[in-house]
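Close look at the chain arrangement
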Amino acid sequence: MKSHYRVVVIGGGVVGASVLYHLAKLGWTDVCLIERSVLTAGSSWHAAGGIHALNADPNIAQLQAYTIDLLSEIEAESGQNIGLHMTGGLTMAGTPDRWEWLQSAYRTFQSIGIYDCRLVSVEEAVSLNPIMSGEGLLGGMWADREGYIDTTGTVHAYAGAAKKRGATVVEHNRVLELNQTLEGWEVVTEKGTVTCEHVVNAAGLWAKQVGRMAGIELPVSPLNHHYLISDTIPQLEGLDFEVPMTVDLEGFTYLRQDQKGVLLGIYEINHQHWMMDGAPWEYGFELQQEDPDRIEHELTLGFERYPCLQEVGVKTWVNGAFTFSPDGNPLVGPVPGKRGYWSACAVMAGFLQGGGVGKSLAEWMIHGTPEADVYGMDVARYGVWAENKQYIKETTGQFYTRRFVMTYPNEQLPAGRPLKTAGAHEDMTAAGCQWGQSWDLEVPLYFAEPGFAETPSLKRSNAHDIVAKECHAVRERVGLLDITGFSRFEVSGPNAERWLNRVMASKLPKPGRARLAPMLAEDGRLKGDLTVFNWGDGTWWIMGSYYLRAWHMRWFDDHMEEGVTLRDLGEDTAGFSLSGPASTKVIERLTDGPVSDLPFMGCGAFDIGLLRCKVGRLSVTGELGYEIHCRAGDHATLRRILLEAGADQGIREVGFNALLSLRIEKSFGIWNAEFTQGYTAGMTGMDRWIDWDKDFVGKPAAIAERDGNGPAQIQVTLEIDAEGADASGFEPIWSEGKQVGFVTSGAYGHTTRKSLAMALINAENATPGTALSVHVVGVERQAKVIPPSPYDPEGKAMRG
């Protein structure tokens, strides 16, 4: 072990070994992995080792597909046998909704380029896995590239391939301290002190302690997980093939062959946390005592699904811990506020996702950004509120318990909620507000009559008509929306304007005006669809998506310069928007300031009743509107006076479900749908806001796109011949049997009375009038490209 490395990776499991391998593969060979015991001495050695394609997040599914492709490469490169058994895999559905969801998921896979799967009948599934009973099943999905590996061999293959490329592996050397320095990090170990520019926390069961060494409280917790290995099954001895990896979603079990027996794994409803503050340092190859009584229900279902298990004994029980994040996805990337400290933790499916995690993190460290859009596993998707132990316990337990439970797009889960509430929360609840969650904040979805309960559904729910009334109120009169759930950053200082000009690709607004502002990464891909306000007093605001607060703050900090003060106003500021033709009449009654003189995209400070507020004349609904921002403590008062002032104008409170419908009718995109860090300004139409005459971050890449052949896919609006269901995202789009794109988001337009969607499609198919088809909840529907903004295409309503 040397005294200095460019990167030190802490943890010798599959994730740490994968990070080390990918760093070396991409050219950083001065890298070292430090393991307190030996490679695999954590959760890696007792993992079931299954590999499969299915994941609800398409971006994570793509990284899983990359990992599967990589396995045979590292085996060949390292010379280490990984015991790869590519048996194929089945995912089975036992309820009508689940079968419908599986058919929809199959189409999602096609959207992201995974074609080696197909839907199968129960009869075909049973022929593929003869030890499975088909009773109660409705259908399934077969995937060619599923199976299992030898977990210990795979870790050693990653590490061996890394060492062949020049990386170093040091075992039997526990890390004792981490100290941040001006140059990077000081890693104090049992065998001496090492300095490095970057340190990677890939410590698995010990990730909590390694985080605390740097003053970081990661939202992770271990939970125990059971599987059993059966004795020899006579029925398997008579087969000339291995049965496929099989997931029984309604039975909470997964199964693979193990020699001439099977491994049956269980995601039990009655979950059990273990060592929430991290595993003991001396722990490694131990297991917890099996607890069959706790998993009796799931075991019974498993033995009914595979009747042969009732005739043989259990050879081995495994009850071992894995680390989970609140949503079950990994925690990867640079930790905000800790330059040079990288997280590679909570990779619950390490042998399935470890390759993709290692690739993305190595690209991030070396190139400044990963190739894939990895927000779904970015450590910055959580804020300091997620450090709370009770929050971690509730949410990780909820994820584990619901690992195989059907979750609907319109379903609101209770764990860790309510956390943060705006000032008018109780009053809005009394008025019938139904709440969703954005980051730590409760946000309004819609307002219903007392006793109403929304039915979870893959299609239009029983809240459809409620949302329709809210949309009509905005289009015809005036709607009131709580916009506490927008992010707000205040920028000030002598170099504020210069800094904003550099990080924003658009022109900056003049004093008293606001402007839409795309923000680009160095490679030309998007980093934000933001709105910049120039208040005219030397201060500026940047507004965006509330749940991106930590993610954007990390980006701003990484690109900061002297003479600029940046403040996140998310805990200090709240607000409401008024939208609709009567909105000016309402706000005029509350101020003697010239608010009606504000031009479209104008902004200023006004007295609203007794409150001093900042007001911008803009709206995401496509109607005349005002965004009114107040102190957090004034939120309830602002709501009350706005409702009183608008009572005779038919004012109605609305939620974000209505906003989805209204903005789709205007072809207004949103982040994490039309705009992501995987797309460019040219693809999404955001290039129309770029100021090509100035220098800004990402300009060379943006010019290359502009002056080249143009993007292969561009954003369009679709009208879909849908019935009872609307597209939501990642549905494939077809032209004469050829896939030409996919949906980014969709909704029913209650004003146009059309099922609408926004989509990225091949440029040659983007002409309005082009006939296409789209799979909606698994059913193919006719569609056509239409001109943008099907409601008020000239924008007269919002300009007044």
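Look up: the structure comes first, before these words.
Now for a description of the structure that goes with this document. These figures come from a predicted structure and were not determined experimentally.

A few words now on the pairing of strand S36 (residues 771–776). A large share of S36 lies buried, amounting to 5 of its 6 residues. Summarising the sheet, strand S33 (residues 732–735) and S36 pair through 2 bridges and their orientation is antiparallel. Directly across from Ile-733, in S36, lies its bridge partner Val-774. Here 6 bridges tie S36 to strand S37 (residues 779–786), and the two strands are oriented antiparallel to one another. Within the sheet, the bridge partner assigned to Leu-772 lies in S37 and is Ala-783. Counting the residues between successive antiparallel strands, the hairpin from S36 to S37 contains 2 residues, one of them, Val-777, with a positive phi of roughly 50°.

This part covers the nonpolar core. Core analysis: the biggest nonpolar cluster contains 67 residues, and Val-8, Leu-178, Val-187, Val-199, Tyr-341 and Phe-533 have the highest contact counts within it. Ignoring sequence-local partners within four residues, the contact set of Val-8 consists of Cys-32, Ile-34, Val-187, Val-194, Cys-196, His-198, Val-199 and Val-200. Ranked by size, the runner-up nonpolar core spans 66 residues in total, among them Val-7, Tyr-227, Tyr-267 and Val-347.

On to the packing of helix H5 (residues 151–164) against helix H9 (residues 350–367). Direction vectors running N to C along H5 and H9 enclose 10°, while the axes themselves pass 12 Å from each other. With respect to H9, the axis of H5 lies roughly parallel. Contact with H5, carried on its side by Thr-151, Thr-154, Val-155 and Tyr-158, involves Phe-351, Gly-354 and Gly-355 of H9 and no other residues of that element. Grouping the amino acids of the contact of H5 with H9 by side-chain chemistry returns 3 nonpolar, 4 polar and no charged.

To continue, consider the pattern of salt bridges. Applying the stated criterion across every chain yields a total of 47 salt bridges. Asp-327 is the partner of Arg-381 in a salt bridge, and the nearest nitrogen-oxygen pair spans 2.8 Å. Residue Arg-381 is found in the loop between H9 and helix H10 (389–401), and its partner Asp-327 is found in the loop between strand S16 (314–324) and strand S17 (331–334); the two are separated by 54 residues along the sequence. Residue Asp-327 is classed as partly exposed on the basis of its relative accessible area of 31%.

Moving on, we come to the sheet that holds strand S35 (residues 754–762). Taking strand neighbours around the barrel as the criterion, the 6 strands line up as S32-S35-S34-S33-S36-S37 in a closed arrangement whose pairing is antiparallel. Between one strand axis and the next, the sheet turns through 40° on average, direction left out of account. The sheet contacts of helix H3 (residues 96–111) involve S33, strand S34 (738–749) and S36, and relative to S33 the element is tilted by about 70°.

As paired strands, strand S28 (residues 603–608) and strand S29 (residues 611–616) are joined by 6 bridges and run antiparallel to one another. Residue pairing across strands places Ala-605 opposite Lys-614, the latter belonging to S29. Relative to strand S30 (residues 625–631), S29 runs antiparallel, the two being bridged by 3 bridges. When the sheet's bridge partners are listed, Lys-614 is paired in S30 with His-629.

As a further point, take the side chain of Asn-129. Examined against the element boundaries, Asn-129 turns out to sit in the loop between helix H4 (122–128) and strand S6 (139–143). With relative accessibility at 0%, the residue Asn-129 sits in the buried group.

If you walk across this open sheet you meet the 8 strands as S5-S6-S4-S13-S14-S15-S12-S16, and the pairing is mixed. Looking along the sheet, the strands with just one partner apiece sit at the ends: strand S5 (117–120) and S16. Direction aside, neighbouring strands of the sheet carry axes that sit 20° apart on average. When strand S13 (residues 245–248) meets strand S14 (residues 253–258), the two strands line up antiparallel, connected through 3 bridges. Looking across to S14, one finds that Val-247 is bridged to Tyr-254. Across the sheet, helix H8 (residues 296–305) is in contact with strand S12 (221–230), S13, S14, strand S15 (261–266) and S16; its angle to S15 comes to roughly 145°.

A word on H9. One turn of an α-helix holds 3.6 residues; hence residues three or four places apart share an orientation. In this model, H9 (18 residues) spans 24 Å end to end at C-alpha, consistent with the 26 Å of a helix rising 1.5 Å per residue. Burial within H9 is extensive, with 16 of its 18 residues counted as buried. After H9 finishes, the residue Gly-368 shows a positive phi value of roughly 95°.

Contact pair helix H2 (residues 58–78) / H9: the axes reach a minimum separation of 7 Å and the direction vectors enclose 100°. Viewed along their axes, H2 and H9 adopt a mutual orientation that is roughly perpendicular. Contact residues: Ile-60, Leu-63, Gln-64, Tyr-66, Thr-67, Ile-68 and Leu-70 in H2; Phe-351, Leu-352, Gln-353, Gly-354, Gly-355, Gly-356, Lys-359 and Ser-360 in H9.

Taken as a whole, this structure holds 24 aromatic pairs when the rule is applied. Their ring planes at 80° and their centres at 6.0 Å tell us that Trp-439 and Tyr-546 sit as a pair that is edge-to-face. With Trp-439 in the loop between strand S19 (433–438) and strand S20 (441–447) and Tyr-546 in the loop between strand S25 (540–545) and helix H14 (549–558), this pair connects stretches of sequence that are 107 residues apart. The same class applies to Trp-439 as to Tyr-546, namely buried. Taken together, the aromatic side chains of Tyr-254, Tyr-267, Phe-324, Phe-399, Tyr-400 and Phe-404 make up a single cluster linked through ring pairs. Residue placement shows Arg-6 over the ring face of Trp-28; its charged tip is 3.8 Å from the ring centre. Directly above the aromatic system of Trp-535 lies the positively charged group of Lys-614, at a separation of 4.6 Å from the ring centroid.

Residues Arg-417 and Pro-418 are joined by a peptide bond in cis, for which omega reads -10°. By the element assignment, Pro-418 lies in the loop between H10 and helix H11 (425–430). Phi angles above zero are rare outside glycine, and Arg-753 is one such case at about 55°. With respect to the element layout, Arg-753 can be found in the loop between S34 and S35. Classification of Arg-753 as exposed rests on a relative accessible area of 67%.

Bringing the environment of Asp-144 into the picture now. By secondary structure assignment, the location of Asp-144 is in the loop between S6 and strand S7 (147–148). Expressed as a C-alpha distance, the spacing of Asp-144 and Leu-458, which sit 314 residues apart in the sequence, is 27 Å. Within polar-contact distance, the side chain of Asp-144 engages the side chain of Trp-142 at 2.8 Å.

Next up on the list: a positive patch on the surface. A contiguous patch of positive charge on the surface is contributed by Lys-507, Lys-510, Arg-513 and Arg-515. Along the polypeptide, Lys-507 turns up in the loop between helix H13 (496–503) and strand S23 (513–520).

Each value, and the rule that gives it
Residues numbered from 1 in each chain as written. Predicted model: local features only at pLDDT ≥ 70, side-chain atom pairs only at ≥ 80, totals over all residues. Heavy atoms only, no water. Buried < 20%, exposed > 50% of the residue type's maximum accessible area, 1.4 Å probe, protein only. Helix = DSSP H or I, 4+ residues; strand = E, 2+ residues; numbered from the N terminus. Pairing = 2+ DSSP bridges. Core = buried A, V, L, I, M, F, W, Y, C linked by side-chain atoms within 4.5 Å. Contact = heavy atoms within 4.5 Å. Axes fitted to C-alpha atoms, helices over the stretch in contact; angles between N-to-C directions. Parallel < 35°, antiparallel > 145°, perpendicular 65-115°, else oblique. Nonpolar A, V, L, I, M, F, W, Y, C, P; charged D, E, K, R; others polar. Salt bridge = Lys/Arg side-chain N within 4 Å of Asp/Glu carboxyl O. Expected span 1.5 Å × (residues − 1). Phe/Tyr/Trp six-rings, centres within 6.5 Å; stacked < 30°, edge-to-face > 60°. Lys NZ or Arg CZ within 6 Å of the ring centre and 35° of its normal. Polar contact = N/O pair within 3.5 Å; in protein donor to acceptor, adjacent residues only side chain to side chain. Patch = residues over 30% accessible without salt bridge, like charges linked within 9 Å, V, L, I, M, F, W, Y side chains within 5 Å. Areas by Shrake-Rupley, 256 points an atom, 1.4 Å probe, with all protein chains shown as cover. Lys, Arg positive; Asp, Glu negative; His and termini not counted. Charge placed at Lys NZ, Arg CZ, Asp CG, Glu CD.

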